[in-house]
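So you can see what is in the structure, the chains are spelled out below.
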Amino acid sequence: IREIFVVGAVKGGQYNPLWGFSSGLVPSIRGRSFKRQSTDKNAVMDLVIDPIDMSGTVPEQAFRFVTSLDTEIPTEKIRLCARHFIPLALADFDRVRSEAEFCRLFLERSQMQYRRFPFDAYVQHQLAHGFILLLNGNRDEGQAMIKAFCHRVGAAYHDPVLTECIRHIGIEHTAVDC
């Protein structure tokens, strides 16, 4: 399981951190093709934690920087942003040390009330949810969710990478209690 921390652009030249996890089990989708998440370079977040989703507003600790207008990097604002958000991210990272803990946090966050983007607005969440159901022993429901995802994004359910990842879950893993 990889921990990922990024600073993402928000409207109006604002930047806000978000963080999450790449489970290493779920392939990513690029266009209509599935890719393995086998290295840090090609890892994407299977679970995205964005503080804006919970509050619906950009936190005051976010910072603003417009490259075409601003002549100085707002170093102090970036420091304040880091001081506020890094401990929050580390607290979430500390909660996930195993596949079972990843599944539990994923399912917990899938039930939360989001104010900006709904949980399933993150495309990778839709795919990861099917894999979590597989891991949890809900094979039929997990496969149905993955098939529905493939249909929505125009990807082939029998894509070799996807098929291998699903097979890997069935062969390598016993059901995880999420």
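Above: the structure in question.
Residues numbered from 1 in each chain as written. Predicted model: local features only at pLDDT ≥ 70, side-chain atom pairs only at ≥ 80, totals over all residues. Heavy atoms only, no water.

**Concerning the overall build of the protein chain**
(1) Moving on: Helix and strand counts for the protein chain come out as 6 helices and 6 strands.
(2) Moving on: Each helix and strand of the protein chain, ordered N terminal to C terminal, gives the series β-β-β-β-β-α-β-α-α-α-α-α.
(3) Moving on: Looking at the protein chain as a whole, 43% of its 178 residues are labelled buried.
(4) Moving on: In the protein chain, once contacts between residues fewer than 6 apart in sequence are set aside, the share between residues at least 24 apart is 63%.
(5) Moving on: Split by element, the accessible area of the protein chain, about 9900 Å² in all, is 52% carbon and sulfur. (Helix = DSSP H or I, 4+ residues; strand = E, 2+ residues; numbered from the N terminus. Buried < 20%, exposed > 50% of the residue type's maximum accessible area, 1.4 Å probe, protein only. Contact = heavy atoms within 4.5 Å. Areas by Shrake-Rupley, 256 points an atom, 1.4 Å probe, with all protein chains shown as cover.)

**A word on the pattern of salt bridges**
Should the charged atoms of two oppositely charged side chains come close, the side chains can pair.
(1) Moving on: Counted under the stated rule, the structure contains 8 salt bridges.
(2) Moving on: Here D50 makes a salt bridge to R116, at a shortest N to O gap of 2.4 Å. With a gap of 66 residues between them, D50 in the loop between strand 5 (47–49) and helix 1 (51–55) and R116 in the loop between helix 3 (99–110) and helix 4 (123–135) connect regions that are remote in the sequence.
(3) Moving on: On the basis of relative accessible area, R116 is assigned to the partly exposed category, the value being 30%.
(4) Moving on: Through salt bridges with shared partners, one network takes in E3, D94 and R97. (Salt bridge = Lys/Arg side-chain N within 4 Å of Asp/Glu carboxyl O.)

**Remarks on helix 5 (residues 139–153)**
(1) Moving on: Taking 1.5 Å of rise per residue, 15 residues should cover 21 Å, and helix 5 covers 21 Å from first to last C-alpha, within 8% of that figure.
(2) Moving on: Burial in helix 5 covers these residues: G142, I146, F149 and C150. Looking straight down helix 5, one finds its buried side chains confined to an arc of 100°; they lie on one side. Exposed and facing more than 90 degrees away from the buried side of helix 5 are D140, H151 and R152.
(3) Moving on: Where helix 5 terminates, the next one or two residues include G154, which has phi positive at roughly 75°. (Expected span 1.5 Å × (residues − 1). Arc of directions from axis to C-beta.)

**Some points on the pairing of strand 1 (residues 2–10)**
(1) Moving on: As paired elements, strand 1 and strand 2 (residues 14–22) share 9 bridges and run antiparallel to each other. Bridge pairing in strand 2 links G8 to N16.
(2) Moving on: Remark: 3 residues form the turn of the hairpin made by strand 1 and strand 2, two consecutive strands paired antiparallel; G12 in that turn has positive phi of roughly 75°. (Pairing = 2+ DSSP bridges.)

**Looking at the nonpolar core**
(1) Moving on: Counting residues in each nonpolar core, the largest one holds 36 residues, and the members touching the most others are F21, F34, L47, L127, F131, I146 and L162.
(2) Moving on: Among the elements that line this core, the one with the most residues is helix 4, at 6 residues.
(3) Moving on: Residues A43, M45, V48 and Y122 belong to the second largest nonpolar core, which totals 6 residues. (Core = buried A, V, L, I, M, F, W, Y, C linked by side-chain atoms within 4.5 Å.)

**With respect to the packing of helix 3 against helix 4**
(1) Moving on: Following both chains from N to C, one finds helix 3 and helix 4 inclined at 125°, their axes separated by 11 Å at the closest point. Taken together, the axes of helix 3 and helix 4 lie oblique to each other. Crossing hand, helix 3 versus helix 4: left-handed. Contacts from E99, F102, C103, F106, L107 and S110 of helix 3 reach helix 4 at H125, A128, H129, I132 and L135.
(2) Moving on: Grouping the amino acids of the contact of helix 3 with helix 4 by side-chain chemistry returns 7 nonpolar, 3 polar and 1 charged. (Axes fitted to C-alpha atoms, helices over the stretch in contact; angles between N-to-C directions. Parallel < 35°, antiparallel > 145°, perpendicular 65-115°, else oblique. Left-handed = near helix turned anticlockwise from the far one by under 90°. Nonpolar A, V, L, I, M, F, W, Y, C, P; charged D, E, K, R; others polar.)

**Thoughts on the environment of V48**
(1) Moving on: Its place among the elements puts V48 in strand 5.
(2) Moving on: For V48, a relative accessible area of 8% translates into the label buried.
(3) Moving on: Sequence-wise, V48 and H125 are 77 residues apart; in three dimensions their C-alpha atoms are separated by 7.9 Å.
(4) Moving on: If we ignore the near neighbours within four places in the chain, the residues touching V48 are L18, W19, R109, Y122 and H125.

**Considering the packing of aromatic side chains**
(1) Moving on: Here the structure, examined in full by the defined rule, presents 9 aromatic pairs.
(2) Moving on: Ring geometry for F5 against W19: centres 6.1 Å apart, planes inclined by 10°, an arrangement best described as stacked. Here W19 lies in strand 2 and F5 lies in strand 1, a separation of 14 residues in the sequence.
(3) Moving on: Note on F5: relative accessible area 33%, which makes it partly exposed.
(4) Moving on: Between F21 and F102 the ring centres are 6.3 Å apart and the planes differ by 70°, which places this aromatic pair in the edge-to-face class. Of the two residues, F21 is situated in strand 2 and F102 in helix 3; the sequence distance between them amounts to 81 residues.
(5) Moving on: Taking the relative accessible area as the measure of exposure, F21 reaches 0% and is therefore buried.
(6) Moving on: Note on F102: relative accessible area 3%, which makes it buried. (Phe/Tyr/Trp six-rings, centres within 6.5 Å; stacked < 30°, edge-to-face > 60°.)

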